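# Examination of the molecular architecture
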Amino acid sequence: MSTVVTSPGTRPSRGPITDLLTGGGPVRRALWLAQAALVLFSVVRAISGEEALTSSSTMAAALLLAVPIGLAALGGLFSERAGVVNIGLEGMMILGTWGAGYAGYQWGWAAALVGGVLFGALGGLLHALATVTFGVDHVVSGVAINILAAGVARFLSELLYTDNEAGGGVTQSPALSSNPPDISLPVLSSGPDWLGDLEGQHIFLISDVAGVLRGVTSGVGVLTILAVLLVPASYLLLWRTAFGLRLRSCGENPAAADSLGVAVYRMKYIAVIISGALAGMGGVFLVFIAGIYRENQTGGRGFIGLAALIFGNWRPGGLAAGAGLFGFADALQLRSRTAVVALLLLVAVLLAGVAIWQATRRKLLQAILAAGFAGLSLTLYLLIDELPPGIVSFTPHLTTLLVLSLASQRLRMPQADGLVYRRGEH
Amino acid sequence: MTALRRIGMALFAPVLAVVVALVISSLVMAALQVNPFRVFEVMLDFGETPAQQVTAIVVIVNRAIPLFLAGLAVAVAFRMGLFNIGVEGQYRLATIVAAAVGAAVALPGPLHILLIVVVAVVVAALWAGIVAVLKVTRGVSEVISSIMLNFIALGLASYLLTGPFRGSEEGASIISTAEIPESGQLGGLNAIFGAIGLANPPRQLYGFLPIAIVVGVFIAILLNRTRFGYDLKVSGLSPSAASASGVDARAMVIKTMLLSGAVAGLIGLPDLLGTTHSYTTDFTAGLGFLGIAVALLGRNRPVGIAFAALLFGFLDRSLVPLQIADFPASVVTIIQGTIVLAVVVANEIARRVARRNAERGTATRTPAPVEILQGADA
């Protein structure tokens, strides 16, 4: 054995292949991961013959479903980075859907956006009032807001929509008076539609890539573009400006921030109100998809957004990846119940990979466990043709749970997240 | 501190919260041109004949029993600083499995009921156990995992109801499990009304009431009079102090969640054994979330939870009369939501008042101007 001399700060070389795969920082690693996922999906698609796995329609649906989750998660990011846990995202989203429905049926889609964001921000203000000013436990206040928001939405609908000439009723608003425009990428996804041609030919990998690209470039709504842009914008705001530094310092060590002259209470207020506004925007998006406000439209997406935030390690890029994953799981279960079964094959392949990897590291127990579960998934895949709707409905939630239980130990939340900060008591 | 003063302190926060919540809801109603006084009048109107009045009380108590159990389930975990948001999924899954098992077997009376109860308790406890295991082995926050398990439990319940456990005819408007036979049904307690000279209402008072009371007493003794209860409370107040005194934090998490889940398993049973005798698509939902509110209002103490459950039962009873009187029935949800928010704020204020009193009691000096200033802006 020769000793490896390393200068401080650089890691010892672990062979050219490992370096190629894991070197070069998080961006390159993420790219590798994305490529590996794409190949894996192509393989599973080719074996199972489930075109829905990588079809452009599934991808478009995945993007559509990822956006509200991502917006809620971004909302959570602002609030939790300032140290306020926000279980109330779901409630703020509900308020957002109601606000969008109310403004939208009267004054069109732009007003719907404003209305939803305002209503969501009101929910955020309430949460800030309870947690920052009154020092209430964050989770308790969030749960209360969820109960309250559902009640308020129902109450307002009952008052304003039951005898409304424009339509609507106790559980839904009249339809929006105008729909937001959408945009397709010229030539590639509209007109000649080259990507669509490629996708139709079912060539291994190439068609899959085409399907994915076409899905995210054809008929994309304005709000989707806005939401996607908000991810890097949040990163820049939170990590590259003085405002962001101050906001994050409130989530890491509020007492220290206070001593340096940061107005901690005000900062937390701003963060939680932004949080509510973003969650509300997620609600607006759901209203745009349906063209109408309906009760229970959010369907727990606020909670999944929170999970995406945790999965993404309280970082914008990570939460976007999480939202994409859950959006994809959701899209798959909506579009094709048989395609969800193909996910079992995917799990089997993944676990087999884990088994081999653990075996090479001589961790026999883990390897055997992984291989056992891989075998189980494979058997299930071979035995089951189609899952019943009740079971398919919780695909995204089960995915969330599995991913969190695999990943949560590597995560680090903001240090003072969820702690009530009272000036002068620390 | 005299006993009277202590009771006063304990009642201060909840009563203040209810009053504040009523004022806020009245303002909301008034702003939207609903007359709040008319609404409260309808809510307090129990009917004219004695039979109607007793019926109203029976409806309130029947609703309060599951709410009490739900509050208890949440409170057990709460005492340890654990947040069991998964009560909703736990009781729904437990109830459907218990209903199916109860319908499938035929046993002599008490044994049959006992079996149904045990099945429900075990299923819910195991479901809650998943949360605990994920927390201690994988470090997953119990809040997130129990929310996700709620969705999974509801999906599973709907699958079981439409699939393997389906007992109703194909094409029936309400899908249900097969009916539990006579031996597995729990009779009402209406004989009591005759005994104390009240009118016998058409509605049966649930026979589950004594069981719920026993469970409440059991939990109260367990939490306040045993080593386990002490460990649980210490783990909640100060995890470091608990582990320093030899409490195994991981084992405590698992035991507490199992206990919380076990109580949660009982929530659906008053309705199942008392009236419906089968699990249907429209089986009572939302009790898990209301349980959180009830536990907060009752300040995690069994007696407090019982009163909170009665209050929520009273509010829920007024849903139908409000609809008949052409008022928006969701007023009730708003009042409940505001109560929760008000009660947590009031609890916080009461805690601070109590601490300030304690500080004043121990300190011999008068408070410095700085403290007064802080007290003013707090």
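Residues numbered from 1 in each chain as written. Chains lettered and ligands numbered in written order. Predicted model: local features only at pLDDT ≥ 70, side-chain atom pairs only at ≥ 80, totals over all residues.

## Notes on the overall build of chain B
The condition that has to hold: Think of it this way: any DSSP run of H or I at least four residues long counts as a helix, any run of E at least two long counts as a strand, and we number them from the N terminus. With C-beta atoms placed from the backbone, a residue counts as buried when 20 or more other C-beta atoms lie within 10 Å of its own, as exposed when 12 or fewer do, and as partly exposed for counts between those limits.
Of the regular secondary structure elements, chain B holds 17 helices and 0 strands. Along the first, second and third principal axes, the C-alpha set of chain B runs to 75 × 55 × 40 Å. A burial count over chain B gives 47% of its 378 residues as buried.

## What about the overall build of chain A?
Which entries qualify depends on this criterion: We call two residues in contact when their backbone-placed C-beta atoms lie within 7 Å.
Within chain A one finds 18 helices and 2 strands. Put simply, chain A has 426 residues, and 50% of those count as buried. In chain A, once contacts between residues fewer than 6 apart in sequence are set aside, the share between residues at least 24 apart is 75%.

## What to know about helix α5 (residues 109-138) of chain B
Rules: What a helix should span is 1.5 Å times the count of its residues minus one.
Taking 1.5 Å of rise per residue, the 30 residues of α5(B) would be expected to cover 44 Å, and the 43 Å separating its terminal C-alpha atoms lies within 8% of that figure. Two residues or fewer past α5(B), G139(B) is found with a positive phi of approximately 70°.

## Regarding the environment of V220(A)
Positionally, V220(A) belongs in strand β2 (residues 220-221). Classification of V220(A) by C-beta neighbours within 10 Å gives buried; the count is 20.

## With respect to helix α9 (residues 222-239) of chain A
Residue and element names in this part refer to chain A. Let me state the cut-off plainly: One axis fitted to the seven residues ending at a residue, another fitted to the seven starting there: the angle between these axes is the bend at that residue.
Spanning 18 residues, α9 covers 26 Å between terminal C-alpha atoms, matching the ideal 26 Å at 1.5 Å per step. At V231, α9 is bent by approximately 30°, the largest bend along its length, and proline P232 sits one to four residues beyond. Looking at α9, one finds that the buried residues are L223, T224, A227, S234 and L238. Looking at the buried positions of α9, the neighbouring elements they touch are α3 (56-81), β2, α10 (242-252), α12 (264-290) and α14 (316-335).

## Description of unusual backbone geometry
A positive phi is found at W314(A), a non-glycine position, where the angle reads about 55°. With respect to the secondary-structure elements, W314(A) resides in the loop between α13 (301-311) and α14. W314(A) sits in the buried class, given 21 other C-beta atoms within 10 Å. Here the phi dihedral of R299(B) falls at roughly 50°; this positive angle occurs in a residue that is not glycine.

## So, the interface of chain A and chain B
Rules: Three classes are used, and their members are as follows: Ala, Val, Leu, Ile, Met, Phe, Trp, Tyr, Cys and Pro are nonpolar, Asp, Glu, Lys and Arg are charged, and the others, Gly among them, are polar.
Residue-level contacts link 39 residues of chain A with 37 residues of chain B. Of all the secondary-structure elements, those providing two or more residues to the side of chain A that touches chain B are α6 (138-161), α13, α17 (389-392) and α18 (395-407) of chain A. If one sorts the elements of the side of chain A that touches chain B by residue count, α6(A) sits on top with 14 residues. When the residues that make up the side of chain A that touches chain B are grouped by side-chain class, the tally is 24 nonpolar, 12 polar and 3 charged.

## Side note on the domain arrangement of chain A
Residues and elements named next belong to chain A. We count it as follows: A domain assignment, automatic or from a database, supplies the domain bounds used here.
Partitioning chain A into structural domains gives domain 1 (49-184 + 205-333) and domain 2 (336-410). Centre-to-centre, using C-alpha coordinates, domain 1 lies 30 Å away from domain 2. Put simply, the parts of the chain that give the side of domain 1 that touches domain 2 at least two residues each are α13 and α14. Per-element accounting of the side of domain 1 that touches domain 2 gives the leading share, 6 residues, to α14. Tallied by class, residues from the side of domain 1 that touches domain 2 come to 10 nonpolar, 1 polar and 2 charged.

## Remarks on the nonpolar core
The nonpolar side chains of a soluble globular protein tend to be buried, and buried together. Residues and elements named next belong to chain B. Short version of the rule: The term nonpolar core means buried Ala, Val, Leu, Ile, Met, Phe, Trp, Tyr and Cys residues held together as one set by C-beta atoms within 7 Å.
Counting 242 residues, the largest nonpolar core has A124 and V294 as the members making the most contacts within it. Here this core takes 17 residues from helix α3 (residues 50-79), the largest share from any one element. Other than its neighbours up to four places away in sequence, A124 contacts Q90, Y91, A94, G261, A262, A264 and G265.

## Let's talk about the domain arrangement of chain B
Think of interface size as the accessible area that goes away when the parts come together; that is how it is often given. All names here are of chain B. If you check the domain split of chain B, you get domain 1 (1-34 + 328-363) and domain 2 (63-327). Centre-to-centre, using C-alpha coordinates, domain 1 lies 26 Å away from domain 2. Taken together, the contacts link 13 residues of domain 1 with 12 residues of domain 2. Residue composition of the side of domain 1 that touches domain 2, grouped by class: 11 nonpolar, 2 polar and no charged.

## With respect to the packing of α3(A) against α12(A)
Residues and elements named next belong to chain A. Here is the rule: As a rule, the C-alpha atoms of each element are fitted with a line to give its axis, helices using only the stretch in contact, and angles between N-to-C directions run from 0 to 180 degrees. What sets the label is the angle itself: under 35 degrees gives roughly parallel, over 145 gives roughly antiparallel, 65 to 115 gives roughly perpendicular, and the rest give oblique.
Relative orientation of the contacting elements α3 and α12 amounts to 170°, with a least axis distance of 7 Å. One way to sum up the angle between α3 and α12 is to call them roughly antiparallel. For the pair α3 and α12, contact is made by L64, V67, P68, L71, A72, L74, G75, G76, F78, S79 and R81 and by A271, V272, I274, S275, G276, L278, A279, M281, G282, F285, L286 and I289, respectively.

## Here we look at the packing of α3(A) against α13(A)
All names here are of chain A. For clarity, the threshold we go by: For any helix crossing, the convention is left-handed if the near helix is rotated counterclockwise from the far helix by under a right angle, and right-handed if that rotation is clockwise.
Running from amino to carboxyl end, α3 crosses α13 at an angle of 60°, the nearest separation of the two axes being 7 Å. What the angle tells us is that α3 and α13 run oblique. Taken as a pair, α3 and α13 cross one another with a handedness that is right-handed. Contact with α3, carried on its side by P68, I69, G70, A72, A73, G76, L77 and E80, involves R301, G302, I304, G305, L306, A308 and L309 of α13 and no other residues of that element. Looking at the contact of α3 with α13, its residues break down into 9 nonpolar, 4 polar and 2 charged.

## Some points on the confidence of the model for chain B
Defined as follows: A score between 0 and 100, pLDDT records how confident the predictor is in each residue.
Residues with a pLDDT of 70 or more make up 95% of chain B, whose mean pLDDT is 85. Here the predicted complex scores 0.83 on pTM and 0.81 on ipTM.

## Considering the environment of A103(B)
All names here are of chain B. As for its position among the elements, A103 is in helix α4 (residues 87-104). When the 21 C-beta atoms within 10 Å are taken as the criterion, A103 is described as buried. Distance from A103 to T177, taken between C-alpha atoms, is 8.0 Å for residues 74 residues apart in sequence. Leaving out residues up to four positions away in the same chain, A103 has contacts with G167, T177, A178, E179, I180 and S278.

## Comments concerning the confidence of the model for chain A
For chain A, the mean per-residue pLDDT works out to 81, and 84% of the residues sit at or above 70. Counting contacts from residues 1-10 of chain A, a segment whose pLDDT is below 50, to residues more than four positions away or on other chains yields 2 contacts.

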